[in-house]
Amino acid sequence: MKTFKHSLFFIALMFCTFTAKASDGMEEYFYSSGKIKVVVAVSAVVMIGLLYAVIRVDRRVSKLEKKLNSNK
């Protein structure tokens, strides 16, 4: 469970520290063409996928730790 908390903290820290800086007018292009919603949706799906993967790995590790401790 400790790993899960650390993983959530790391993901929250990533959200807080990454700032979107527009270079070469990219931000204006995405807003004017209406593609900003697609960019946000894709990045949200990627982040949700990463969170899901971290949770699955944490659960597997927890199961293995319990199994290892019960064998002793």
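Residues numbered from 1 in each chain as written. Predicted model: local features only at pLDDT ≥ 70, side-chain atom pairs only at ≥ 80, totals over all residues. Heavy atoms only, no water.

### Description of the overall build of the protein
Filter applied, for reference: A run of DSSP states H or I qualifies as a helix once it reaches four residues; a run of E qualifies as a strand once it reaches two. Both are numbered from the N-terminal end. Accessibility here uses a 1.4 Å probe with only protein chains present; expressed as a share of the type maximum, an area under 20% marks a residue as buried, one over 50% as exposed, and anything in between as partly exposed.
Tallying secondary structure elements over the protein gives 3 helices and 0 strands in all. In the protein, the succession of α and β elements from N to C terminus is α-α-α. Counting only residues that meet the buried cut, the protein has 10% of its 72 residues in that class.

### Focus on helix α3 (residues 36-71)
To keep it simple, the criterion reads: Working rule for helices: expected span equals 1.5 Å times residues minus one.
In a regular helix each residue adds 1.5 Å, so 36 residues correspond to 52 Å; α3 covers 53 Å between its end C-alpha atoms and thus fits that length. For α3, the full list of buried residues reads Met47, Asp58 and Ser62.

### Section: the confidence of the model for the protein
Here is the rule we go by: pLDDT is a per-residue confidence score from the predictor, ranging from 0 to 100.
Residues of the protein with pLDDT of at least 70 account for 81%, and the chain-wide mean is 80. Ranking the helices and strands of the protein by mean pLDDT puts α3 first, with 91, and helix α1 (residues 2-17) last, with 70.

### Describing a positive patch on the surface
The test is simple: For patches, a residue must show more than 30% relative accessible area and have no salt bridge; joins then use 9 Å for like charges and 5 Å for nonpolar side chains, namely Val, Leu, Ile, Met, Phe, Trp and Tyr. Per-residue accessibility takes into account occlusion by the displayed protein chains alone, with areas from the Shrake-Rupley method and a 1.4 Å probe. Salt bridge criterion: a side-chain nitrogen from Lys or Arg within 4 Å of a carboxyl oxygen from Asp or Glu. For the charge count, each Lys or Arg is scored as positive and each Asp or Glu as negative, with His and the chain ends excluded. Here the site of a charge means atom NZ of a Lys, CZ of an Arg, CG of an Asp or CD of a Glu.
Where like charges cluster on the molecular surface, the positive patch consists of Arg56, Arg59, Arg60 and Lys63. By the element assignment, Arg56 lies in helix α3. For Arg56, a relative accessible area of 38% gives the class partly exposed.

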